[in-house]
Every structure is written in structure tokens, then in C-alpha cells.
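Tertiary structure, described
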Amino acid sequence: MISRRNLVAGIGAGMASAAASRAMAQSFPFKPNQRYPDPAVEILDPSFAKYRLYSSTLEQVATGLRWAEGPAYFPEGGYLLFSDIPNNRIMKYSEKDGSLSVFRSPANFANGNTRDRQGRLVTCEHSVTRRITRTEKNGKITVLADNFEGKRLNAPNDIVVKSDDTIWFTDPVFGIAGEWEGFKAKREQDNTNVFRIGTDGKLTAVITDLVNPNGLAFSPDEKKLYVVEWKGTPSRSIWSYDVNPDGSVRNKSKLIDAADQGSLDGFRVDRDGNLWCGWGSNGALQSEPVDVNGRKVYQLKGRSEDLDGVMVFNPQGKPLGFIRLPERCENLTFGGPKNNRLYMASCHSIYALYVDAHGAT
């Protein structure tokens, strides 16, 4: 029997979810595919077929966001935390009841989030504070890093925790370069580095020669570190490094090139070493305008609707599959009780898809 108290609580939760989902942004309708297998899951190489669940379809689990980023899954509570950067908040999606709520606001324009080995939230505060924080189990916020060699960090972007409890993050300038993902501010660091926070709290610049590094992840055995470079080469790329026992890296080599149309952002690695990469248009324009209704218009190289989604590569950088989304995917993570539900942060919405792959932990 449903009590009045439970009914009122349920209505309140629904209203809070609805308010959170439509606050300060557009909500978009989504119609899932009716047939199996879902045509949104495209097999580019026969080896990808084993990762597609025949009777699983793409779902939209949240919408009403301005720029969704930094998804992190917490199995203890069965929920996903993610950033809505321009709205300066961290959101919470509950698998238990499907509710969407505000976890933290303001959030210092948080971008990347991750869960450490003790189940705590670790966050890249992208602007204003420009720091790495950890949220303790009692809710207290601990500052892990906010400067390097006496100068403020740029705009911490994406973050990962290694099995030895060291924390690795990228530090491009996006959060201080303009007024969209934070507040425009003076850059103090000479480089846009990849940093490592040791278990002793020491901050080390591990990689110093990438121009605006973005997403990063380790191979399943943690012998390789992969990092997206947003600029510095003609196209966005993922660089691969061998990881030394002392935490330094060597043998830089290009693993993936997004070519002149695609755009890499955040990504995750599964237990087989495949890279599941957020994908979309990089905004590059054609060299010559075309006539559109009597106007000369410079159009994009490639159509966004053909590029938006998740591209999957094997450990050698070969494309295996593509998950087509109605929005550009910025970042993603594996979650769910069995670690086989792919959550995709995609502009205004969060999409989910059960796959026959599991996130490397």
C-alpha cells in the first residue's frame, strides 16, 4: 500500500527532478529505436560485434543541461555525478528511481570528476578556484592542488586515479580563456601540463609539451597513459606514453588522429584495452563558402549529425565501432551494477547504453 507520506515524497522527488532537468537550459525529446539490434550502434570492424548487446538500445536518462561533462559513477549509491559547466553545478542521476537533482551549486565550474579508490569524489574545479578537490565521506572538501611552483593552475580539466592512489589531471586554459566555462582570467603557468599528485601530496608536471591536453586514461595494466591533445597538431590527437615505475613517462607516440573533421574530448578504456572516445565535429570550416538562400556561407567540414557520438578504437588505434548520438559527446564513463553501462555526457543530455564490455578499473 502506498502511504500518503510516500506519495507526497514521490511527488516531491519528481518535481525536484523536473526542476533540475529544465533549469537554465533546453530539454530535448528523444525517441529510442524500437528494433533490435539498435541501428545507432555501428560496427566498423567485425571484432566490435562481440561488444554490442543485441537487445540493448540507446536511452536518454537526463536532459536540460548546457554542457554536460565529467561523468563519474558511484556503485555504492548507484548514481552518476556529472558537471553542467556553464550552469556552474554538479548534477546527480540516480539509477534507483531515475531522478535528476543538483548535487552541488555553485561548483566553481567543475569539469572532470572521478571516484578515488576509497569511493570519494575528486573534482577538477575548472574556473574561479582553479584547483583539484576531494569531497570526503562527511561532505567536507579537501584541496589537493591549486598551484604549481608558486603560480596558480590554469583550468584543471580531466582527472583519473591510478591504482597506487596517485592522481593525474590535465590543465589546459579553457576555463579561464573566456566567459562560457567560467570567468576569463590571467594565465600564470607557462605550459599546459599533465600533472601527477603523489600519495605524499607532491605535485609534479609529468608532461609539459602538449598544447591544451584534455581527456586522459590508463591502459588496463597501467603501463600506458593516453592523453588527448586539443591543439598543437593540425588535428586533435591521442598520444600514448609508457609509464615508468617512478611515475614519469617516456616514448611519446601518436595513437589516434581525429583527422580534419572529428573532435576528441574525454574517453575511457575497457578491460580489453579498447578506447571509447567522445566524438563530434571540431568546428572546422570549408575553405570556400557556398550559396545558401542567396548568402555566401562557410559551412562545416563534415556534418555534425554524421560525427556526433562515441568512436571506439582498439589498443593499436584501429576504429572498431561507432555509437551514433543525437548530440556531440564530450565525455563518458562505464557504470551500472555490473560496470557495463556506458554513460555518455553529450551537450544537453546524458545517454546510456548497456554493452558487452566493462570499464577498466
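Refer to the structure above for everything that follows.
About the thresholds
- Residues numbered from 1 in each chain as written.
- Predicted model: local features only at pLDDT ≥ 70, side-chain atom pairs only at ≥ 80, totals over all residues.
- Heavy atoms only, no water.
- Pairing = 2+ DSSP bridges.
- Helix = DSSP H or I, 4+ residues; strand = E, 2+ residues; numbered from the N terminus.
- Axes fitted to C-alpha atoms, helices over the stretch in contact; angles between N-to-C directions.
- Polar contact = N/O pair within 3.5 Å; in protein donor to acceptor, adjacent residues only side chain to side chain.
- Contact = heavy atoms within 4.5 Å.

On to the sheet that holds strand S21 (residues 262–269), then. Spatially, the five strands line up as an open sheet ordered S1-S26-S25-S22-S21, and their pairing is antiparallel. Edge positions in the open sheet fall to strand S1 (41–43) and S21, since each of these has one partner strand only. Taken over all neighbouring pairs, the strand axes of this sheet differ in orientation by 25 degrees on average, direction set aside. For S21 and strand S22 (residues 275–281), the ladder comprises six bridges, and the chain directions are antiparallel. Residue pairing across strands places serine 263 opposite glycine 280, the latter belonging to S22.

Here we take up the sheet that holds strand S10 (residues 141–145). Strand pairing in a sheet is mediated by backbone hydrogen bonds. Such pairs are either parallel or antiparallel. The antiparallel open sheet is built from four strands, whose spatial order is S7-S8-S9-S10. Edge positions in the open sheet fall to strand S7 (110–115) and S10, since each of these has one partner strand only. Going from strand to strand, the sheet's axes swing by 25 degrees on average, the running direction of each strand aside. The pairing of S7 with strand S8 (residues 121–125) spans four bridges and is antiparallel.

Our next topic: unusual backbone geometry. Residue tyrosine 36 is joined to proline 37 through a cis peptide bond whose omega torsion reads -10 degrees. With an omega of -5 degrees, the peptide bond between serine 105 and proline 106 qualifies as cis. With respect to the secondary-structure elements, proline 106 resides in the loop between strand S6 (100–104) and S7. Of note, the phi angle at asparagine 339 is positive, near 60 degrees, even though the residue is not glycine. One can find asparagine 339 in the loop between strand S27 (331–335) and strand S28 (341–346).

The next thing to look at is the side chain of arginine 134. Of note, arginine 134 is situated in strand S9 (residues 131–135). Separated by 2.9 Å, the side chains of arginine 134 and glutamate 136 make a polar contact. With sequence-adjacent residues up to four places away left out, arginine 134 is seen in contact with Asp116, Arg120, Leu121, Val122, Lys140, Ile141, Thr142 and Leu144.

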